[in-house]
Amino acid sequence: MKFQANAHSIAEYRELARRALPRMIFDFYDGGADGENTLAGNRAALDAKRLLGSAPIDVGRRSQEVKLFGKSFAMPLIIGPTGLAAAAWPDGDIALARAAGRAGIPFVMSTAGTCTQDDVASAGDGSKWMQLYIFKDRAFSARIVDKAEALGFEAIEVTVDNAVAGKRLRDERNGFSLPFRWTPAKLAGLLVHPGWSMRMARAGAPQLKVMGEGLGLEKTDTIAALMQSQFDASISWDDIARLRDRWKKPLIVKGLLDPSHVSKALSVGVDGLVISNHGGRQLDGAVASIDVLPDFVAAAGGRLTLLIDSGFRTGSDIARALALGADAVQVGRATLHALAVGGEETVFHALGLLKAELDVAQALMGVARIEDFHPGMIRQPAPVPLAPRPDAGASPTPVSYLRKGT
């Protein structure tokens, strides 16, 4: 049966996913930490970066090809690591990997994956990278690395912004646990999501198969609690140095916001960084990734491959990051939302939407090749002025907060 596109943007895929998934599943993917200020701030920071259209420039021939760690890819996009993908669609990790391979971009398998490393390694012929947590059980982390090497994974992306797990209020309110714990209210909710319910009934409840292979996972109240029981707050650059000794292929450190760590990354021989606030799921109130990207570019001086994530939803968002110096962008929620709607085919379609949107941005910005992006293509409007208040000496109120009649 021929696939029929049913969304025209990532925003539409998000809405379709909201309808397709039980609330506790959608909120697990969509939510952020605490008051979700960083989640909202990521979007606001991207919107504040205005693109400079440039014409007339000959853009009759355009290319999105990029080279990352010595290998060419079809566009500057990566499907980043997202845990529990099978809660959106059966064998979700495999579907994501196959879609990425068809689109000619890398897929990063999560350590919180719901398929085995063997399954993902054999899914299609695209490039696979392995995301890694450094657990309290260091030997288990080492076994993941060694298996990635044996299976032909091309890079390790080690996540470091998880000394403790962020407080996910949506998960707490929804009672999102592993294994799923069904209350009468949750069971009633399944009646309005028959497609999801039937797929899960056939496939079985998702399990964290990579972690389950080597860790004694017990039932927990929330996913955050489960991960917290395994994370190690003592992780340091010494651990990254030891990982560098063990892994000879490209090594990427994910979860940096402080540009002062660039020198430490260089000193241990890291190949790349992912500038990330974990999509607003860890430290609420954290700076937006896009706002610190220029500082990382200046500190790295071309000596590191710089990737970025957190909040990217459109081709114009990708263009913003490329103009400010990123080598490529990682997405997570965008492809999870598409996955929930129709599996591999809708993920592939969503990647096509991002590619087409980026192509429009390229053409209208006068960018024939990805390497032609530069910081001069970004403008940021002045901050909104503060409106005076009649009560002298009180703190001013931003104009954007004023409402008629107040």
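Check the entry above for the structure.
All values reported here derive from a predicted model rather than from experimental measurement. (Residues numbered from 1 in each chain as written. Predicted model: local features only at pLDDT ≥ 70, side-chain atom pairs only at ≥ 80, totals over all residues. Heavy atoms only, no water.)

Participant: Looking at this structure, how should I read the pairing of strand β8 (residues 251–256)?
Facilitator: Sheet faces and side chains relate simply in a regular strand, where the side chains alternate between the two faces. Counting buried residues along β8, six of its six residues qualify, which places the element largely inside the surrounding structure. Two elements, strand β7 (residues 155–159) and β8, share four bridges in a ladder whose sense is parallel. Along β8, the bridge assignment pairs T159 with K254. Here β8 runs beside strand β9 (residues 272–275); their pairing, made up of four bridges, is parallel. Residue pairing across strands places I252 opposite G272, the latter belonging to β9. You can see the chain leave β8, run along helix α13 (residues 262–267) and come back into β9, and the turn it takes is right-handed. (Buried < 20%, exposed > 50% of the residue type's maximum accessible area, 1.4 Å probe, protein only. Helix = DSSP H or I, 4+ residues; strand = E, 2+ residues; numbered from the N terminus. Pairing = 2+ DSSP bridges. Right-handed = clockwise from strand over helix to strand, strands pointing away.)

Participant: Mind showing me how you'd approach the environment of R170 here?
Facilitator: For R170, the location among the structural elements is in helix α7 (residues 169–174). Taking relative accessible area as the criterion, R170 reaches 18% and is therefore assigned buried. The sequence separation of R170 and D30 amounts to 140 residues, and the corresponding C-alpha distance is 9.3 Å. Here R170 is in contact with D27, D30, G31, E36 and L39, once residues within four sequence places are set aside. Side chain to side chain, R170 and D27 meet in a polar contact 3.0 Å long. (Contact = heavy atoms within 4.5 Å. Polar contact = N/O pair within 3.5 Å; in protein donor to acceptor, adjacent residues only side chain to side chain.)

Participant: Just checking my understanding: could you explain the side chain of Q131 for this structure?
Facilitator: Positionally, Q131 belongs in strand β6 (residues 128–132). A distance of 2.9 Å separates the side chain of Q131 from the side chain of T159, its partner in a polar contact.

Participant: How should I be thinking about the environment of V145 in this particular structure?
Facilitator: Tracing the sequence through the fold places V145 in helix α6 (residues 138–151). Those residues in contact with V145 that lie beyond four places of it in its chain are L132, I156, L243, R246 and W247.

Participant: What's the story with the packing of aromatic side chains in this structure? I'm lost.
Facilitator: Aromatic ring pairs are reported here in terms of the distance separating the ring centres and the angle at which the planes meet. Within the structure shown, the criterion is met by five aromatic pairs. With a centroid separation of 4.7 Å and 45 degrees between ring planes, the pair formed by F28 and F176 is classed as tilted. Here F28 is found in helix α2 (residues 23–30), whereas its partner F176 is found in the loop between α7 and α8 (184–190), with 148 residues between them in sequence. F176 matches F28 in its accessibility class, with the two residues each being buried. A centroid spacing of 6.0 Å and a plane angle of 65 degrees characterise the contact between Y133 and F135, whose relative ring orientation is edge-to-face. By relative accessible area, F135 is classed as buried at 0%. Here the aromatic cluster, defined as three or more aromatic residues joined through ring pairs, consists of F28, Y29 and F176. (Phe/Tyr/Trp six-rings, centres within 6.5 Å; stacked < 30°, edge-to-face > 60°.)

Participant: Would you mind showing me how to read helix α17 (residues 344–365) here?
Facilitator: An α-helix turns once per 3.6 residues; consequently, residues spaced three or four apart project the same way. Taking 1.5 Å of rise per residue, 22 residues should cover 32 Å, and α17 covers 32 Å from first to last C-alpha, within 8% of that figure. Along α17, the positions that sit buried rather than exposed are T346, V347, H349, A350, L351, L353, L354, L358, A361, Q362 and M365. Trailing α17 by a residue or two, G366 shows a phi angle of about 75 degrees, which is positive. (Expected span 1.5 Å × (residues − 1).)

Participant: Hey, could you run me through helix α14 (residues 289–300) in this one?
Facilitator: An ideal rise of 1.5 Å per residue puts 16 Å on 12 residues; α14 measures up with 16 Å between its terminal C-alpha atoms. Within α14, burial applies to S289, I290, V292, L293, F296 and A300. Along the axis of α14, the buried residues cluster in a sector spanning 145 degrees; they form a single face. Buried positions along α14 lie against α3 (37–48), β8, α13, β9, β10 (305–308) and α15 (315–323). One or two residues past the end of α14 sits G301, with phi positive at roughly 55 degrees. (Arc of directions from axis to C-beta.)

Participant: Is there a simple way to explain the nonpolar core in this structure?
Facilitator: Across soluble globular proteins, nonpolar side chains have a tendency to be buried as a group. Ranked by internal contacts, the top residues of the largest apolar core, which has 117 residues, are V270, L273, I290 and F373. Considering each element in turn, this core owes the most residues, eight residues, to α17. Setting aside residues no more than four positions away along its own chain, L273 makes contact with I252, V253, L256, V262, A265, F296, L304, T305, L306 and L307. (Core = buried A, V, L, I, M, F, W, Y, C linked by side-chain atoms within 4.5 Å.)

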